[in-house]
Amino acid sequence: MRRIVTAAVASFTLAACGGGTADADGDGEISMEEAAAQTADMVRPLPGQYRATVEFVDVELPGAPQQVQDMMRGMLDQGPQTHEYCLTAEEAEKGFEEMARQAQEDGDDCSFEKFDASGGQIDAVMNCEVEGQGAARMTMKGRGGETSSELTMTMDAEAPGGQTMTMTMNSSQERIGDCDA
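Keep in mind it's a predicted model, so treat the numbers as computed, not measured. (Residues numbered from 1 in each chain as written. Predicted model: local features only at pLDDT ≥ 70, side-chain atom pairs only at ≥ 80, totals over all residues. Heavy atoms only, no water.)

Right, let's get into a negative patch on the surface. Taken together, the side chains of Asp25, Asp27, Glu29, Asp109 and Glu129 make up a negatively charged region of the molecular surface. The residue glutamate 129 is located in strand β5 (residues 121–130) in this model. (Patch = residues over 30% accessible without salt bridge, like charges linked within 9 Å, V, L, I, M, F, W, Y side chains within 5 Å. Areas by Shrake-Rupley, 256 points an atom, 1.4 Å probe, with all protein chains shown as cover. Salt bridge = Lys/Arg side-chain N within 4 Å of Asp/Glu carboxyl O. Lys, Arg positive; Asp, Glu negative; His and termini not counted. Charge placed at Lys NZ, Arg CZ, Asp CG, Glu CD. Helix = DSSP H or I, 4+ residues; strand = E, 2+ residues; numbered from the N terminus.)

This paragraph deals with the packing of aromatic side chains. Ring pairs (aromatic) are described by centroid distance and by the angle formed between their planes. This model, assessed by the stated rule, comprises two aromatic pairs. Summarising the aromatic geometry, the rings of tyrosine 50 and tyrosine 85 are spaced 5.8 Å apart at their centres and angled 15 degrees between planes, so their arrangement reads as stacked. You can see tyrosine 50 sitting in strand β2 (residues 48–60) and its partner tyrosine 85 sitting in strand β3 (residues 81–87), a full 35 residues away along the chain. What makes tyrosine 85 partly exposed here is its relative accessible area of 22%. Seen in terms of ring centroids, phenylalanine 112 and phenylalanine 115 are 4.9 Å apart; in terms of plane orientation they differ by 65 degrees. Their pairing is edge-to-face. Overall, the relative accessible area of 5% leaves phenylalanine 115 in the buried class. (Phe/Tyr/Trp six-rings, centres within 6.5 Å; stacked < 30°, edge-to-face > 60°. Buried < 20%, exposed > 50% of the residue type's maximum accessible area, 1.4 Å probe, protein only.)

Summed over the entire model, instances satisfying the criterion amount to two disulfides. Between the sulfur atoms of cysteine 86 and its disulfide mate cysteine 179 the distance is 2.0 Å. Between cysteine 86 and cysteine 179, the disulfide has an S-S torsion of 100 degrees and is therefore right-handed. Of this pair, cysteine 86 sits in strand β3 while cysteine 179 sits in the segment after β8 (164–177), placing them 93 residues apart in sequence. Cysteine 86 sits in the partly exposed class, given a relative accessible area of 35%. According to the relative accessible area criterion, cysteine 179 is partly exposed, its value standing at 27%. Between cysteine 110 and cysteine 128 runs a disulfide, and the two sulfur atoms are separated by 2.0 Å. Here the disulfide of cysteine 110 and cysteine 128 is right-handed, its torsion about the S-S bond being about 115 degrees. Highlighted residues: cysteine 110 in strand β4 (residues 109–118) and cysteine 128 in strand β5, separated in sequence by 18 residues. (Disulfide = S-S within 2.5 Å.)

Before going further, it helps to examine the pairing of β4. The pairing of strand β1 (residues 30–31) with β4 spans two bridges and is antiparallel. Note on β4: the bridge partner recorded for serine 31 is serine 111. Between β4 and the antiparallel strand that follows it, β5, lie two residues; glycine 119 among them carries a positive phi value of about 60 degrees. (Pairing = 2+ DSSP bridges.)

Counting 23 residues, the largest nonpolar core has Phe112, Phe115, Met126, Met140 and Met155 as the members making the most contacts within it. Counting residues per element, the ones that place at least two in this core are α2 (32–38), β4, β5, β6 (134–144), β7 (148–158) and β8. (Core = buried A, V, L, I, M, F, W, Y, C linked by side-chain atoms within 4.5 Å.)

Shown next, in the form of structure tokens:
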């Protein structure tokens, strides 16, 4: 499921604004390719050094004993996790289309139930099925531009054995300068 979360964060980071109808073929489902096409004219992030911060807000495990729920919260509640990375001009130009291609190569079967990215805002719902790991439905809401983004994601996941989990996290990315040479 970590790959699904990473893909969702990347999709928003690289698709900051746009508009139009995402379900191009009208089948009621927005494929990764249709979402990628939707982002073709969107603002791309500027190349440079970025600071990314991810913070888990809450996790719920319905039906699990309180001790298990407390243990899971303790594992995830490590405070904000921050790292820095260099986004090259080539990577910034590839945008969402490259992320969608990589997500398909990783064997995740993901599609969007909803994909509205306009005016620097995103409101999306992505459904994924990972072979042997179960299914997840992610709701994503946030904003983004050339130098920063903020996103709140809520993931409802179901493992093959029927166990369910709801996890909410916040993600932000901010350009902090040029990449080191």
